[in-house]
Amino acid sequence: MESKEKYIEYCLKNKDLPVFFQSWWLDAIVGRDNWEVVLVDKGGNIYAVFPYIIERKITFTLIRMPLLTPYLGLWINYPEGQKNYAKLSFEK
């Protein structure tokens, strides 16, 4: 399965994901073909996502923040019940 398809399924299942990270938001703002996502997927569990926007200007390909989107970046899905000190080692 392609990473974008996995991400769309992840968005439907994860209710904690901010609206600006939702696949439908990215589709509405820049179109389906103008964004990509990097997933950290281990054993069928998605631990982190990084959606980004692809913009083409003349001969350059840029990664930029889309209009009407105040933030977009890395989203880490911490395991439930994890203490603050354990989150740092989970990130590493």
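The text that follows walks through the structure, step by step, so that each part is easy to find. (Residues numbered from 1 in each chain as written. Predicted model: local features only at pLDDT ≥ 70, side-chain atom pairs only at ≥ 80, totals over all residues. Heavy atoms only, no water.)

**Structural notes on the environment of P66**
Consideration 1: As for its position among the elements, P66 is in the loop between β3 (60-64) and β4 (75-76).
Consideration 2: Taking the C-alpha atoms as reference points, P66 and I29, separated by 37 residues in sequence, lie 7.1 Å from one another.
Consideration 3: With residues near it in sequence (within four places) discarded, P66 still touches I29, V30, I53 and L72. (Helix = DSSP H or I, 4+ residues; strand = E, 2+ residues; numbered from the N terminus. Contact = heavy atoms within 4.5 Å.)

**Concerning unusual backbone geometry**
Only a minority of non-glycine residues have a phi that is not negative, and only a minority of peptide bonds are not trans.
Consideration 1: Backbone geometry places I58, a non-glycine residue, at a positive phi of 50°.
Consideration 2: Residue class for I58 comes out exposed when judged on its relative accessible area of 88%.
Consideration 3: Located in the positive-phi region is L68, a residue other than glycine, with phi close to 65°.
Consideration 4: By secondary structure assignment, the location of L68 is in the loop between β3 and β4.
Consideration 5: L68 gets classed as exposed once you look at its relative accessible area, which sits at 69%. (Buried < 20%, exposed > 50% of the residue type's maximum accessible area, 1.4 Å probe, protein only.)

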